[in-house]
Amino acid sequence: MITRRSTLLALPALAMMAMGSPALAQDKPYIALVSKGFQHQFWQAVKTGAEQAAEEFGVRITFEGPDNETMVDRQIDMLAAALANKPAAIGFAALDSQAAIPLLRQASDAGVPVIAFDSGVDSDIPATTATTDNLAAAALAADKMAEMLGGKGKVAVVAHDQTSRTGIDRRDGFLNRMAEAHPDIEVVTVQYGQGDHLQSTEVTKAILTANPDLGGIFGTNEGSAIGVVNGVRETGAENIVVIGYDSGTAQKQAINDGLMAGAITQNPIGIGYETVKAAVAAINGEELPNIIDTGFYWYDKATMDDPQIAAVLYD
Amino acid sequence: MTAAAKQLVDLRGIEKRFPGVHALKNVRFDLMSGEVHALMGENGAGKSTLMKVLSGIYQPDAGEIFIDGKQIQIHGPRAAQDLGIGIIHQELSLMNDLTVAQNIFIGREPRRAFGRLDEKALNRQAKEIFASMNLSLSPTARVGDLTIAKQQMVEIAKALSCRSHILIMDEPTAALNDAEIAELFVIIRRLRSEGAGVIYISHKMHELKQIADRVTVMRDGEYVDTVDAAAVPVSKVISMMVGREVRDKAPTIPDLSAANVALEVKGLSRGREVRDVSFSVKQGEILGFAGLMGAGRTEVARLIFGADPRDAGEIRVMGREVSISKPADAVRAGIGYLSEDRKRFGLATGMTVRDNIALASMFRFTGSGGRLDDGGMKKTAQEFIRRLGIRTPGDGQEVRLLSGGNQQKVVVAKWLLRDCNILIFDEPTRGIDVGAKSEIYALLEALAAEGKAIIVISSELPEILQLSHRIAVMCEGRLTGFLPGGAKTTQEEIMALATQREPAMQPVGEDQ
Amino acid sequence: MNDAIAQPAKPKGFLRLIDTGAHQKLLAVASLIALLIGFSIGSPNFMQTSNMIAILQAASVNGVLAVAATLVIITGGIDLSVGTLMTFTAVIAGVTLTSIGVPLPLGIIAAIGAGALSGLISGTLVAKAKIPPFIATLGMMLILKGLSLVISGTRPIYFSDVVGFDQISRGSIIGDLIPALPIPNGVLILFIVAVVVAYILNKTVLGRYCFALGSNEEAVRLSGVNTDRWKMAIYALAGAICGIAGILIASRLNSAQPALGLGYELEAIAAVVIGGTSLSGGRGTINGTIIGALIMAVLTNGLRVMSIAQEWQTVVTGAIIILAVYADQLRRQKAK
């Protein structure tokens, strides 16, 4: 029986079908990428890199991620849907590697190679992991901060997340390096803004109110860093050394305007590119290294336009 | 039976204060077994408050309560139930989404182990109660789907199911037609003969003679007197209630031979509810619409007002055909509809008198940039308060704090301000007390004298007879005839037309 | 006169026929089937056992939460705390099972108990303190999110050492019996919860008062029912069901993720509403809610399998929710 409501519900689905189903027509190998996120510029840059590689190696990809990085189960559902489409390989950036293991095992049992990207999976299933060394990258941020403060003073960290691997690594990389190499610098507080611009702004303002003699703040991802810049600007505090992470238009602007001293950039385009490239290699049965280090760079106003840096920055 | 009559209820010196109001002042009231004791008084006289004290909803500030001769305190609705006190609330308090039987036994469901419901027992017991009431009603019908009258019966069944021997009925006939009222009275009389006591609250004076044994009158929170219903004329009771004489006469019918036809309706139809209805109203005329509940009078009004879509029919205003497909069209044509349910459809009760009067005419008070002209609204509102005699502390008073009669006047003001020359009143005095009723009557007459065309829908025949210049009678969606207004027409003539069913349409075996 | 408003008689009769109450469920089922057929045509990979199981599994947690939300919504209230309460109970299970090391059944009871307690608190705030349900549960939502982070020390708690914990959701009793049908236990639990709650709703006093409260709370109170106490009981039951959802998600992820949970309440409410339960209270069914949750899960999965761009998936999902409720609205108007 076709009722009014069922017709209503079916309409959008049919419309989508009319837009064409790429799954059908093409014979290209299909690689499903399930990322940690989707909306942030960082992940869009990873997607761009993946699409470049797909073009280059003649494969078809899809790229998906949950709305925010807490939605572990939603990511698992995405992985399940990706597996249903019988991909030739899977790229996976785990929000929580334990939770995904049954499905990853299912994939490997079916002979579908898995390439981990961005952060590792605690398992021997992935053929390789394309990632940034976040601990080392955050340590570089600590060194740069110490250098600009002349080796002493008070600093704070606005981190994006208490629970994710990247959140923990970047926080700990920064804190450990400060403790080991820069004993005269005191980290007064670590606060979390969930990577949200507005929340990070509020967190920053609170830190500045509580610590009027603060020398510098490290924001551990794009959203946190922009929040820090906004917070500093809104309180009118001066001579605060702000160090960011990742890139994006707003962060590049802040560095150009002198509000931010500089930032660590990963190579998101490289992460996407290397993931797909490694997937193609795995499909072809080639040997792969355990880790593909996709690299990180320090950039500031002076170096921003270097071709080597400019290539990995995204808007 | 009265030989062994004993006192069921005795209230002495009851006092109740609310912030700013002394609601009950030293009130007394008693009820014997085997009697119907009417409690009369205008709205705000304290009847409902007194009954809420008796049914445990309010605790009195002072006074003594004796039930079956024992002095007690009634701590809550449940305690009252346990004492055998059942109340049928004025505003129906039923759960529309539940079935009839579920409503009747709410809070007292037959249960099995682990809180499981015994639905079969529930429906069986409900059926037994209906049988004892001589009522045909399905226990599994959804209450929201029943007519108001049937819902009223459910309320009564609910009270009876508690084995209440003290029954409080707060305006039980407000929503019933004459046939249903007669049925209700049969039930009340049987309860009385079985030794129950009934406290009967009503605004309909003629019911007193039919059903009540004694009458107690309250005014302004005070006890006035208790009299024998058979011995005292109704006019005496009314004057006790209002503290002054109230007029009770037929209208003088104006000569309308030269007046223009304001509204003409031809062949109006919608399904079975309204079938080929045609009539006209002249400027300055009050046309009464009589009929039983469900005869289609309100439906006709809603079609004219564009509240429901019509299947067929044409509407002419001042001789010109108008296209009405939604209420806004009707309002533009100068037709105002005053719903029987003022609180739901007529007023924004949480807003002020001023805002309510201006509600349909906001465009008049809107300046450049959408700014509202508060001063203008205030001035206009005060003008109407004076003109219609709306009793309110000021135009800034919230409408919900006004009495029913004054709320009705606010609705009238709203439509007058909107330049409505055709006003349809649906049950204009429902829930309005006797004193205020005659004011509403006077207002309608004054409006007619100004040249407004007025349609009055009323289920109370005395009201129809007192107001109408001409009477239209409906039955089962059809107009069955017109009668002249004034003293020439009797209630019997109206009832004859109101029950004139179409022989061919009368389905076999449906009659209840 | 206006011809446009004159309606021909025949379609009215026909619509009335399909719009009677008995067809309400049929309507929702028909929508679900329409979606399944649509996606099967759209992608050859959609209709396969493993993908159907993936859909059921995706629906299981949201389904259980939606069942909890249905109870509260029928009373005319709303519970915004279901998502973070689920997380909170998962964390409680994590702490009792790993840090304290109680036996598995006790950990499960602790989680469900914590859920019931939290629901009782929400219910008390609503019934006794007269705080509007929207506000009371909004507050609880945030309190529980914070407490989850505090108790867990802001990091996930893993159940790797708790033998059998992951089997609660991931294992398959049905699959052990019928190897061709490896339906995960999580799905089985959803259906058990649904059947039990449907029974409670239709056959017990608690259920009866759910509908009564949503229909006319004042009338129930005047009938001598202790409405406050029943309302508290209903919120507590809803909380206990959130506790079951907490166990389900923790078992599925083999970890308690303390940061998860925000946003899940809205998806649960969406499933309830798609299932035909009225947000103003008084009417609703568990069947409808389950179908609502399935429609949501089929939709998300189907759009993914069809490789629709993710930004468009969101647009379509939103449109479907509105359409589903609009269709229900039409049906109701026709029914009048």
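In this text, all values refer to a predicted model and were calculated from it rather than measured experimentally.

## Some thoughts on the overall build of chain A
For chain A, the helix and strand inventory stands at 12 helices and 12 strands. The C-alpha atoms of chain A give a radius of gyration of 21 Å, which matches the 20 Å a tight globule of 315 residues would have. Taking the principal axes of the C-alpha coordinates as reference, chain A spans close to 70 × 55 × 35 Å. Excluding contacts between residues fewer than 6 apart, the proportion of contacts in chain A whose partners are at least 24 apart in sequence is 73%. When the accessible surface of chain A is totalled, it reaches about 12,400 Å², and 49% of it is carbon and sulfur. The average position of the 21 basic charges and that of the 39 acidic charges among the side chains of chain A differ by 5 Å.

## A short note on the packing of aromatic side chains
Summed over the entire model, instances satisfying the criterion amount to 11 aromatic pairs over all chains. Look at A:Phe174 and A:Phe218: their rings are 4.6 Å apart centre to centre, the planes differ by 20 degrees, and that puts the pair in the stacked class. In this pair, A:Phe174 sits in helix H7 (residues 165-181) while A:Phe218 sits in strand E8 (residues 216-219), placing the two residues 44 residues apart along the sequence. Looking at A:Phe218, the relative accessible area reads 0%, which means it is buried. On the numbers, 5.4 Å between centres and 45 degrees between planes, the contact of C:Phe39 with C:Phe46 is tilted. In this pair, the class of C:Phe39 matches that of C:Phe46, namely buried. Within the aromatic cluster, the residues linked to one another by ring pairs are A:Phe174, A:Phe218 and A:Tyr245. Over the aromatic face of C:Tyr264 sits the side chain of A:Arg74, whose NZ or CZ is 4.1 Å from the ring centroid. Between A:Arg170 and the ring centre of A:Tyr245, over which it is positioned, the NZ or CZ distance is 4.0 Å.

## Notes on the domain arrangement of chain A
All names here are of chain A. When its domains are assigned, chain A resolves into domain 1 (28-131 + 268-294) and domain 2 (134-266). The C-alpha-based centres of domain 1 and domain 2 are spaced at 30 Å. At the interface, eight residues of domain 1 touch six residues of domain 2. Between domain 1 and domain 2, a total of about 690 Å² is buried, with carbon and sulfur atoms accounting for 49% of that surface. Counting every contact that joins domain 1 to domain 2 gives zero salt bridges. On inspection of domain 1 and its partner domain 2, the count reaches zero residue pairs in polar contact (both at pLDDT 80 or more). Elements with a contribution of two residues or more to the side of domain 1 that touches domain 2: helix H3 (41-57) and helix H11 (268-283). Here the residues of the side of domain 1 that touches domain 2 are counted per class, giving three nonpolar, three polar and two charged.

## Considerations on the arrangement of the chains
Among two pairs of chains with at least one contact, chains A and C form the most extensive contact set. These two, chain A and chain B, are apart from each other, with no contact and a minimum C-alpha gap of 22 Å.

## So, the environment of A:Ala225
All names here are of chain A. Locating Ala 225 in the fold gives a position in helix H9 (residues 222-235). Among the residues examined, Ala 225 registers a relative accessible area of 0% and is labelled buried. Separated by 60 residues in the primary sequence, Ala 225 and Gly 285 place their C-alpha atoms 41 Å from one another. Sequence-distant contacts of Ala 225, that is, excluding residues within four places in its chain, are made with Gly 219, Gly 244, Tyr 245, Gln 251 and Met 260.

## As for the sheet that holds E8(A)
All names here are of chain A. Judged by pairing direction, the sheet is mixed, and its six strands sit side by side in the order E7-E6-E8-E9-E10-E12 without closing on themselves. The strands lining the two open edges of the sheet, one partner per strand, are strand E7 (185-192) and strand E12 (296-300). Between one strand axis and the next, the sheet turns by 20 degrees as a mean value, whatever way the strands run. Of the pairings in the sheet, the one linking strand E6 (residues 153-159) to E8 comprises four bridges and is parallel in character.

## Brief notes about the environment of B:Gln71
All names here are of chain B. Position of Gln 71 relative to the elements: it lies in strand E5 (residues 70-72). For the pair Gln 71 and Arg 272, spaced 201 residues apart in sequence, the C-alpha to C-alpha distance is 56 Å. Beyond its immediate sequence surroundings of up to four residues, Gln 71 is in contact with Glu 64, Ile 65 and Phe 66.

## Description of a nonpolar patch on the surface
A cluster of nonpolar side chains, C:Val29, C:Ile33, C:Ile37 and C:Ile41, forms an exposed patch at the surface whose accessible area comes to about 350 Å². Along the chain, C:Val29 turns up in helix H2 (residues 23-42).

## Focus: the state of the cysteines
All names here are of chain C. With the rule as written, the count across this model stands at zero disulfides over all chains. The thiol of Cys 210 is unpaired, and the distance to the nearest cysteine sulfur, on Cys 242, comes to 14 Å. A relative accessible area of 1% means that Cys 210 is categorised as buried.

## Quick notes on the packing of helix H3 (residues 49-74) of chain C against helix H4 (residues 82-100) of chain C
Between two packed helices, both the angle of their axes relative to each other and the distance between the axes serve to describe the pair. Residues and elements named next belong to chain C. Between H3 and H4, the shortest axis-to-axis distance is 10 Å and the interhelical angle comes to 115 degrees. For the pair H3 and H4, the sense of crossing is right-handed. Residues Val 61, Leu 65 and Ala 68 of H3 form the contact with H4, whose own contacting residues are Val 82, Gly 83 and Met 86. For the contact of H3 with H4, the residue count by class is five nonpolar, one polar and no charged.

## Thoughts on the interface of chain B and chain C
On the chain C side, the residues contacting the 35 residues of chain B number 27 residues. Interface area for chain B against chain C, summed over the two sides, is near 2,500 Å², with a carbon-plus-sulfur share of 53%. Across the contact surface, chain B and chain C share two salt bridges. In this structure, C:Arg283 and B:Asp97 form a salt bridge, with 3.3 Å as the shortest nitrogen-oxygen distance.

## Some points on the packing of helix H5 (residues 104-127) of chain C against helix H6 (residues 133-152) of chain C
Residues and elements named next belong to chain C. Relative orientation of the contacting elements H5 and H6 amounts to 145 degrees, with a least axis distance of 9 Å. Crossing geometry of H5 relative to H6 is assigned as right-handed. Residue-level inspection shows Ser 118, Ile 121, Ser 122, Leu 125 and Val 126 of H5 in contact with H6, the latter providing Pro 133, Ala 136, Thr 137, Met 140 and Leu 144. Across the contact of H5 with H6, the residue classes tally to seven nonpolar, three polar and no charged.

## Some words on the domain arrangement of chain B
Residues and elements named next belong to chain B. For chain B, the assigned domains are domain 1 (2-242), domain 2 (261-334 + 421-502) and domain 3 (350-418). Contact residues are listed per partner, giving 14 residues for domain 2 and 12 residues for domain 3. Between domain 2 and domain 3, a total of about 1,100 Å² is buried, with carbon and sulfur atoms accounting for 69% of that surface. A per-residue breakdown of the area domain 2 buries against domain 3 is headed by Val 331, Glu 439 and Leu 443, which together make up 39% of the total. Counting the contacts that link domain 2 with domain 3 gives three salt bridges. Taking the shortest distance from any N to any O, the salt bridge between Glu 439 and Arg 391 comes out at 3.2 Å. For the pair domain 2 and domain 3, the interface holds four residue pairs in polar contact (both at pLDDT 80 or more). Listing elements by their share of the side of domain 2 that touches domain 3, those giving two or more residues are strand E17 (422-426) and helix H15 (434-449).

## Describing the interface of chain A and chain C
The interface of chain A with chain C comprises 42 residues on the first partner and 57 residues on the second. Buried area between chain A and chain C, both sides added, is near 4,700 Å², and the carbon and sulfur share of it is 60%. Run the count over chain A and chain C and you get three salt bridges. For C:Arg252, the salt bridge is made with A:Asp77, and the minimal N-O distance between the two is 2.7 Å. Secondary structure elements with two or more residues in the side of chain A that touches chain C: helix H1 (4-18), helix H2 (22-25), strand E2 (60-64), helix H4 (72-84) and helix H5 (97-109) of chain A. At 10 residues, the largest contribution of residues to the side of chain A that touches chain C is made by H1(A).

## Looking at the environment of C:Val82
Residue and element names in this part refer to chain C. Residue placement: Val 82 occurs in helix H4. Using a relative accessible area of 0% as the deciding quantity, one classes Val 82 as buried. Through-space distance from the C-alpha of Val 82 to that of Ala 194 is 16 Å; in sequence the pair is 112 residues apart. The contact partners of Val 82, leaving out residues within four places of it in the chain, are Leu 65, Ala 68, Cys 242, Glu 265 and Ala 268.

About the thresholds
Residues numbered from 1 in each chain as written. Chains lettered and ligands numbered in written order. Predicted model: local features only at pLDDT ≥ 70, side-chain atom pairs only at ≥ 80, totals over all residues. Heavy atoms only, no water. Helix = DSSP H or I, 4+ residues; strand = E, 2+ residues; numbered from the N terminus. Rg over C-alpha atoms; globule rule 2.2 N^0.38 Å. Contact = heavy atoms within 4.5 Å. Areas by Shrake-Rupley, 256 points an atom, 1.4 Å probe, with all protein chains shown as cover. Lys, Arg positive; Asp, Glu negative; His and termini not counted. Charge placed at Lys NZ, Arg CZ, Asp CG, Glu CD. Phe/Tyr/Trp six-rings, centres within 6.5 Å; stacked < 30°, edge-to-face > 60°. Buried < 20%, exposed > 50% of the residue type's maximum accessible area, 1.4 Å probe, protein only. Lys NZ or Arg CZ within 6 Å of the ring centre and 35° of its normal. Domains from an automatic or database assignment. Buried area = accessible area lost by both parts, 1.4 Å probe. Salt bridge = Lys/Arg side-chain N within 4 Å of Asp/Glu carboxyl O. Polar contact = N/O pair within 3.5 Å; in protein donor to acceptor, adjacent residues only side chain to side chain. Nonpolar A, V, L, I, M, F, W, Y, C, P; charged D, E, K, R; others polar. Pairing = 2+ DSSP bridges. Axes fitted to C-alpha atoms, helices over the stretch in contact; angles between N-to-C directions. Patch = residues over 30% accessible without salt bridge, like charges linked within 9 Å, V, L, I, M, F, W, Y side chains within 5 Å. Disulfide = S-S within 2.5 Å. Left-handed = near helix turned anticlockwise from the far one by under 90°.

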